Amino acid sequence: VQLVESGGGLVQPGGSLRLSCAASGFTFNGYSMSWYRQAPGKERELVATITSGGGSTNYADSVKGRFTISRDNAKNTVYLQMNSLKPEDTALYYCRANYRGTLSYWGKGTLVTVSS
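First, a word on what this report is: a plain description of the structure on this page. The shown structure was predicted, so the numbers you read here are calculated from the model rather than taken from an experiment.

1. Digging into the overall build of the protein chain
From N to C terminus, the protein chain includes 0 helices and 11 strands. Each helix and strand of the protein chain, ordered N terminal to C terminal, gives the series β-β-β-β-β-β-β-β-β-β-β. Taken over the C-alpha trace, the protein chain has a radius of gyration of 13 Å; the compact-globule value for 116 residues is 13 Å, and the two agree within 12%. Seen through its C-alpha atoms, the protein chain measures out along the principal axes to roughly 40 × 25 × 25 Å.

This is the structure in structure tokens:
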């Protein structure tokens, strides 16, 4: 099983990034997918979740209206489009695969730094 995040980097406040998480080794379309983040000195927090079929999404209040989670089950990939980025969005971003709350897998993360 592998989850490999990519797309992180340094961006100025107000900018955009698109994160990707490529999955392999499990039945991707059977799992809900989530993005989490962890800022230095803070606990990991849930950013966004999408159901296995992509029909439902949920977001943390702090990113609503700015971030969009999506998935392509044909490509075994989940995305996080991040717009209007703020310095407080700086964190290591992880993707997680979850099967009915009983089984989950984590990626190793991609770093997003928002700074001028």
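2. What to know about the environment of Y99
Here Y99 shows up in strand β9 (residues 91-99). In this structure Y99 comes out as partly exposed when scored by relative accessible area, which is 31%. Taking C-alpha positions, Y99 is 15 Å from S56, a pair spaced 43 residues apart along the chain. The contact partners of Y99, leaving out residues within four places of it in the chain, are G30 and Y31.

3. Observations regarding the nonpolar core
The biggest cluster of nonpolar side chains holds 29 residues, and the ones touching the most others in it are W35, V78, L80, M82 and Y93. Of all the elements in the fold, those that place two or more residues in this core are β3 (17-24), β4 (32-38), β5 (45-50), β7 (67-72), β8 (77-82), β9 and β11 (110-114). The contact partners of Y93, leaving out residues within four places of it in the chain, are E5, L19, W35, Y36, R37, V47, F67, L80, M82, G109, T110 and V112.

4. As for the side chain of R66
With respect to the helices, strands and loops of the structure, R66 is situated in the loop between β6 (57-59) and β7. Exposure remark for R66: the relative accessible area of 10% places this residue in the buried category. Of the polar contacts made by the side chain of R66, one reaches the backbone oxygen of S84; its length is 3.0 Å. Polar side-chain contacts of R66 include one of 2.7 Å to the side chain of D89. If we ignore the near neighbours within four places in the chain, the residues touching R66 are Q81, M82, N83, S84, L85, K86 and D89.

5. Some remarks on the environment of I50
Relative to the helices and strands, I50 is located in strand β5. Classification of I50 by relative accessible area gives buried; the value is 3%. Along the primary structure I50 and G15 are separated by 35 residues, whereas in three dimensions their C-alpha atoms are 23 Å apart. In this structure I50 touches S32, M33, S56, T57, I69, S70, R71 and V78, once residues within four positions along its chain are discounted.

6. Let's talk about the pattern of salt bridges
Overall, the coordinates contain 4 salt bridges when judged by the stated rule. With a closest N to O distance of 2.9 Å, R37 and D89 form a salt bridge. Highlighted residues: R37 in strand β4 and D89 in the loop between β8 and β9, separated in sequence by 52 residues. Comparing R37 with D89 shows no difference in burial state: the two are buried. Linking D89 and R66 is a salt bridge whose minimum nitrogen-to-oxygen distance equals 2.7 Å. One end of the pair, D89, is in the loop between β8 and β9; the other, R66, is in the loop between β6 and β7, with 23 residues separating them in the sequence. Take D89 and R66: they sit in the same class, and that class is buried. If you follow the salt bridges from partner to partner, you end up with R37, E45, R66 and D89 in one network.

About the thresholds
Residues numbered from 1 in each chain as written. Predicted model: local features only at pLDDT ≥ 70, side-chain atom pairs only at ≥ 80, totals over all residues. Heavy atoms only, no water. Helix = DSSP H or I, 4+ residues; strand = E, 2+ residues; numbered from the N terminus. Rg over C-alpha atoms; globule rule 2.2 N^0.38 Å. Buried < 20%, exposed > 50% of the residue type's maximum accessible area, 1.4 Å probe, protein only. Contact = heavy atoms within 4.5 Å. Core = buried A, V, L, I, M, F, W, Y, C linked by side-chain atoms within 4.5 Å. Polar contact = N/O pair within 3.5 Å; in protein donor to acceptor, adjacent residues only side chain to side chain. Salt bridge = Lys/Arg side-chain N within 4 Å of Asp/Glu carboxyl O.

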